[in-house]
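# Coordinate inspection notes
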Amino acid sequence: MTQEQTYQLLKRTCWIYTQNDVAKHLEVSREEVNRWLNKKVEVPKSYQFLLDSLLPEKPSHYADPDFTFIDLFAGIGGIRRGFERQGGKCVFTSEWDKFAQRTYAANHYMTIDEFITGDITQIPPSNVPDHDVLLAGFPCQPFSIAGVSKKNSLGRLHGFECKTQGTLFFNVAKIIGTKRPAAFLLENVKNLKGHDKGNTFKVIMETLDELGYDGITARIIDGQHFVPQHRERIFIVGFRRDTGFTWNDLELPVDGPRMATILEPENTVEKKYVLSQKLWSYLKNYAAKHKAKGNGFGYGLVGPDSVARTLSARYYKDGSEILIDRGGRKNPRRLTPLECSRLMGYVKPNESNFKIPVSDMQAYKQFGNSVVAPVVEEIARIMKPHIIANIKLLDKDDSQLRFVG
Ligand SMILES: C[S@@+](CC[C@H](N)C(=O)[O-])C[C@H]1O[C@@H](n2cnc3c(N)ncnc32)[C@H](O)[C@@H]1O
């Protein structure tokens, strides 16, 4: 490794982690790290190994992957993880949130000169690298499809240019239409199906169909098959050719785990996660008021045998949807970020190997926006044979075209 490469390694680690964290890991002062970063002093090459150990390892299959994919609206990589574990190699990532980018890079392998692309709406689809599978958990922003005539909203490229359709789904569709991957997986909230009396969903499915994809099918899956959290999300898959993909291949455990499997021992949890008296009283009063009005809103108190409600991106505000009951008259507490990583299935119970280089507030937001990782892993497992079959079929089509030409 050259001196410049060692410097780039330092820059990468200091982008993901704070200078303080890197300094602690190397057992040097923060000032020393700062001098290296500002090129006042050269980074001693002897630190290469320790710096490298802060970054994710290169997956062994990357030299010869079964398929390639791109990861759009990547968040912290919950969708990537499942497809990487099925032998896929990520060739392009887009995520504009700087904090999510850091968590993503802390947990997923990237070459030292690879970067995460920001705003996907600013990238011409032809600049996106070729890939076999497009993955996109596009944000559930309000859809402005209503009012757009069906003619305009369908797959014709000129339709996508229309300003009123400035939704991120159309950016995704445009990339699919331009790059024509063998398959795609889109993910969104369950309510996508019912939005605008089903029109939004209809336009999405019709648009994908117009792009020339077969076997387009959607399924709502609840994360609680794999983790102690009720989290329903819709998944839409499509293939260039219908090779018989069916959701019936899913293997969803019937009896999912309970909260006890993800909770840290109470005596190891920092006090800062316990609700203040003021906040706890406020939540109780708020819940009582709504109960009196006949509304079901309120906090969600959980114990070891419970399955939690859906973790939301606003969990950092008051944590009200999932509060851990600490028994007796003790105030409940929030989940810790480590418990959130388990609740989203990023790590197995008792493990703590998901790296969280950001503040608690950012971590809650990131986990609340993310997917239940084992759900995606299971979808990737059943999609894989159809991805491979499609790649082969497309190769055959190409060689026939070349022959005819
Ligand atoms: C619902 S979250 C997806 C989370 C992801 N599936 C995961 O596993 O963490 C949507 C993500 O899209 C990102 N995003 C929204 N608009 C974007 C844009 N125009 N370009 C790139 N990223 C964007 C948000 O910052 C957010 O992290």
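Position numbers for residues count from 1 along each chain, tracking the sequence in the order it is written. Reporting in this predicted model follows two pLDDT cut-offs: at least 70 for local features of residues, and 80 or more for side-chain atom pairs to be given and counted; totals over whole chains, interfaces and linings ignore these cut-offs and use all residues.

Let's shift gears to the overall build of the protein. Helical segments are the DSSP runs of H or I of at least four residues, strand segments are the runs of E of at least two, and each set is numbered from the N terminus. Check the secondary structure of the protein and you find 15 helices and eight strands. The globule rule puts the C-alpha radius of gyration for 405 residues at 22 Å, and the 23 Å found for the protein is close to it. Once the C-alpha set of the protein is aligned to its principal axes, its extents read approximately 75 × 65 × 40 Å. With C-beta atoms placed from the backbone, the exposure class of a residue follows from how many other C-beta atoms lie within 10 Å of its own: 20 or more, buried; 12 or fewer, exposed; in between, partly exposed. Evaluated residue by residue, the protein yields a buried proportion of 39% over its 405 residues. The contact criterion used here is simple: two residues whose C-beta atoms, placed from the backbone, lie within 7 Å are in contact. Intrachain contacts of the protein at a sequence separation of at least 6 include 71% that bridge at least 24 residues. Note on method: radius of gyration uses C-alpha positions; expected globular size equals 2.2 Å times residues raised to 0.38.

Taken together, 21 residues lie near the ligand, and Phe73, Gly75, Gly78, Gly137 and Ser370 sit nearest. Amino acid classes used here: Ala, Val, Leu, Ile, Met, Phe, Trp, Tyr, Cys and Pro are nonpolar; Asp, Glu, Lys and Arg are charged; the rest, including Gly, are polar. Its residues placed into classes, the shell around the ligand shows ten nonpolar, eight polar and three charged. We count a residue as near a molecule or strand when its backbone-placed C-beta atom lies within 6 Å of that partner.

Only buried residues count toward a nonpolar core: Ala, Val, Leu, Ile, Met, Phe, Trp, Tyr and Cys, linked into one set through C-beta atoms within 7 Å. Ranked by internal contacts, the top residues of the largest apolar core, which has 80 residues, are Leu72, Val133, Leu134, Leu135 and Leu185. Considering each element in turn, this core owes the most residues, seven residues, to helix α15 (residues 373-404). Where each domain begins and ends is defined by an automated method or by a domain database. Two domains each put at least three residues into this core: domain 2 (67-250) and domain 3 (259-369). If sequence neighbours within four positions are ignored, Leu72 has contacts with Ser94, Ile120, Leu134, Leu135, Ala136 and Val172. Within the second largest apolar cluster, eleven residues are counted, among which are Leu9, Cys14, Leu26 and Val33.

Tracing the chain through its elements places Lys271 in the loop between β6 (232-239) and α11 (277-292). Here Lys271 falls in the exposed class, since 6 other C-beta atoms lie within 10 Å of it. For the pair formed by Lys271 and Asp360, sequence separation is 89 residues and the distance between their alpha carbons is 14 Å.

What follows is about the domain arrangement of the protein. Considered domain by domain, the protein is made up of domain 1 (3-52), domain 2 (67-250) and domain 3 (259-369). Listed per partner, the contact involves six residues of domain 1 and four residues of domain 2.

This brings us to the confidence of the model for the protein. For the protein, per-residue confidence averages 90 on the pLDDT scale, and residues scoring 70 or more make up 91% of the total. Values of pLDDT, the confidence the predictor places in each residue, fall between 0 and 100. Segment residues 144-166 is flagged for pLDDT under 50; beyond a separation of four residues in sequence, or across chains, it makes 37 contacts in the model.

Another point: the packing of helix α2 (residues 19-26) against helix α3 (residues 30-37). Whenever a helix is involved, its axis is fitted only over the stretch in contact; in every case the axis is a line through C-alpha atoms, and angles between N-to-C directions fall within 0 to 180 degrees. The interhelical angle for the contact between α2 and α3, taken along N-to-C directions, is 110°, at an axis separation of 8 Å. Relative to α3, the element α2 lies roughly perpendicular. Across the interface between the two elements, Gln19, Asn20, Val22 and Ala23 of α2 pack against Arg30, Glu32, Val33 and Asn34 of α3. Broken down by class, the residue content of the contact of α2 with α3 amounts to three nonpolar, three polar and two charged. When describing relative orientation, an angle under 35 degrees is termed roughly parallel and one over 145 degrees roughly antiparallel, while 65 to 115 degrees is termed roughly perpendicular and anything else oblique.

Okay, the sheet that holds strand β2 (residues 88-94) next. Strand order across the open sheet formed by six strands is β2-β1-β3-β4-β6-β5, with mixed pairing between neighbours. Every other strand in the sheet has two partners, leaving β2 and β5 (214-222) as the edge strands with one partner each. Neighbour-to-neighbour, the strand axes of the sheet open up by a mean angle of 20°, direction not taken into account. Pairing geometry for strand β4 (residues 183-189) and β6, over seven bridges, is antiparallel. Within the sheet, the bridge partner assigned to Leu186 lies in β6 and is Ile236. Its contacts with the sheet place helix α9 (residues 168-179) against β1 (67-72), β3 (133-136) and β4, and it is angled at close to 175° to β3. Two strands make a pair as long as DSSP finds a minimum of two bridges between them.

Attention now moves to the environment of Ile176. Mapped onto the fold, Ile176 is located in helix α9. Setting aside residues no more than four positions away along its own chain, Ile176 makes contact with Leu134, Pro181, Phe184 and Leu211.

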